[in-house]
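Observations on the model geometry
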Amino acid sequence: MKFNINEYLEKINCPGCGCSELKILRKSNYEKIKNYEDLLKIYKSSGDELLIDQLSQCKKCGLVFLNPRIKSKIIYKSYTENLDQEHISQDNQRYKTFYKSLTKIIERNNIKNYEKKKFLDVGCASGIFLKVLQTFKFHEEGYEPSKWMTEYGKKNYLVNINNGSIDNINIKKKYDFISFWDVLEHVTDLQKTLNKINLISKDNCILIINVPVIDSLACKILKNKWPFYLNVHLYYFTEKTLKDLFKKKNFYLQDKFPHYQYLNLDYLLFRASKYFSFFEYIHKIVKNNFLGKISIPYNVGQTTFIFKKNEI
Ligand SMILES: [Zn+2]
């Protein structure tokens, strides 16, 4: 039987407002996918496969998202099977990044008496942010779909990780803080996720949403080479679309700032070489020596947004 990509695609209305009037921003290109194995392969890899799906924008609310997209069951299944050694290799750098970010959030938003407060991190990967939360004496809890990542984090970082998604959380649980670090753009059912956030958050809950922003200067300059155009990124938010989405759940924007992610130079060059072959040469020079281990902060449009529930 001949492989037909359409059998694996689903069409959706705007995940933000339900509207069906959409504008096509960029056409799909499924040439590289010749069979089902190819399809699984690009979703199983560490989320650095370039965008091949059609990019659409809602004519009513302006939300940008993939449509049609690969069936959400296939996408979610690939997350549960993710074995990401590359990601783990940067855990020291992630610790440093999260430590700085959390310090900044606490100081800028004048957050006090947070010890023992319940903090949920959704899509926590190996649990590095949970480790930082322990250092600050929060009561940490994480959910991660990948079985391998969950086990790795439990064993190596001794943090409180559950295997699963936000859907698996009992609605009797209520949190003071909830975070989504580079996760909201991956969730397959955006409305269901927003409803669940509403159900499991206390009054005055602080919600941290870190996402790549599509109207950022970096995105405008890099155009098609913007590294966050990925087939695993189902939504491309702006400050406006995020504010609109969360306002409906009584969360209001309190603060925002650019997110600087620290990475080792060799890892950064390896990633950059996928877009600009020139970086391949520099990567070869720094690989396997002390230069490769230099810690570099980078930002290409990632932004941290701080929302607060029920407070205007
Ligand atoms: Zn819409």
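Taken domain by domain, the chain comprises domain 1 (5-80) and domain 2 (89-259 + 303-309). Counting residues at the interface gives 26 residues for domain 1 and 24 residues for domain 2. Together, Leu-63, Tyr-76 and Tyr-79 form the three largest contributors to the area buried by domain 1 at its contact with domain 2, with a combined 24%. The tally of links between domain 1 and domain 2 comes to 11 residue pairs in polar contact (both at pLDDT 80 or more). Going through the elements one at a time, α1 (36-44), β4 (64-66) and α2 (72-80) are the ones with two or more residues in the side of domain 1 that touches domain 2. Its residues placed into classes, the side of domain 1 that touches domain 2 shows 16 nonpolar, 5 polar and 5 charged.

A few words now on the packing of aromatic side chains. Per the stated rule, a full pass over the model turns up 23 aromatic pairs. Consider the rings of Trp-226 and Phe-228, whose centres lie 5.5 Å apart with planes at 70°: the pair is edge-to-face. A relative accessible area of 13% means that Phe-228 is categorised as buried. Following the ring pairs from residue to residue traces out a cluster consisting of Tyr-95, Phe-98, Tyr-99, Tyr-114, Phe-119, Phe-129, Phe-136, Phe-138, Phe-177 and Trp-181.

Position of Leu-51 relative to the elements: it lies in the loop between α1 and β3 (55-58). For the pair Leu-51 and His-233, spaced 182 residues apart in sequence, the C-alpha separation works out to 8.5 Å. In this structure, Leu-51 is in contact with Arg-26, Leu-66, Tyr-229, Leu-230, Asn-231 and Tyr-236, ignoring residues within four places of it in sequence.

A few words now on helix α10 (residues 265-272). Buried within α10 we find Leu-265, Asp-266, Tyr-267, Leu-268 and Leu-269. Structurally, α10 contributes buried residues whose contacts are with α3 (85-88), α4 (91-108), β13 (261-264), α11 (278-286) and β14 (295-298).

Ideal values differ by geometry: the angle at a metal is 109.5 degrees with four tetrahedral donors, but 90 or 180 degrees with six octahedral donors. For the zinc ion, the full set of protein donor atoms is Cys-14 (SG), Cys-17 (SG), Cys-58 (SG) and Cys-61 (SG), at a range of 2.3 Å. Counting gaps between the donor residues of the zinc ion yields the pattern C-x2-C-x40-C-x2-C. Judged by its relative accessible area of 19%, Cys-61 falls in the buried class.

Cut-offs and rules
- Residues numbered from 1 in each chain as written.
- Predicted model: local features only at pLDDT ≥ 70, side-chain atom pairs only at ≥ 80, totals over all residues.
- Heavy atoms only, no water.
- Domains from an automatic or database assignment.
- Contact = heavy atoms within 4.5 Å.
- Buried area = accessible area lost by both parts, 1.4 Å probe.
- Polar contact = N/O pair within 3.5 Å; in protein donor to acceptor, adjacent residues only side chain to side chain.
- Helix = DSSP H or I, 4+ residues; strand = E, 2+ residues; numbered from the N terminus.
- Nonpolar A, V, L, I, M, F, W, Y, C, P; charged D, E, K, R; others polar.
- Phe/Tyr/Trp six-rings, centres within 6.5 Å; stacked < 30°, edge-to-face > 60°.
- Buried < 20%, exposed > 50% of the residue type's maximum accessible area, 1.4 Å probe, protein only.
- Donors = N, O, S within 2.8 Å, 3.2 Å for Na, K, Ca; no water.

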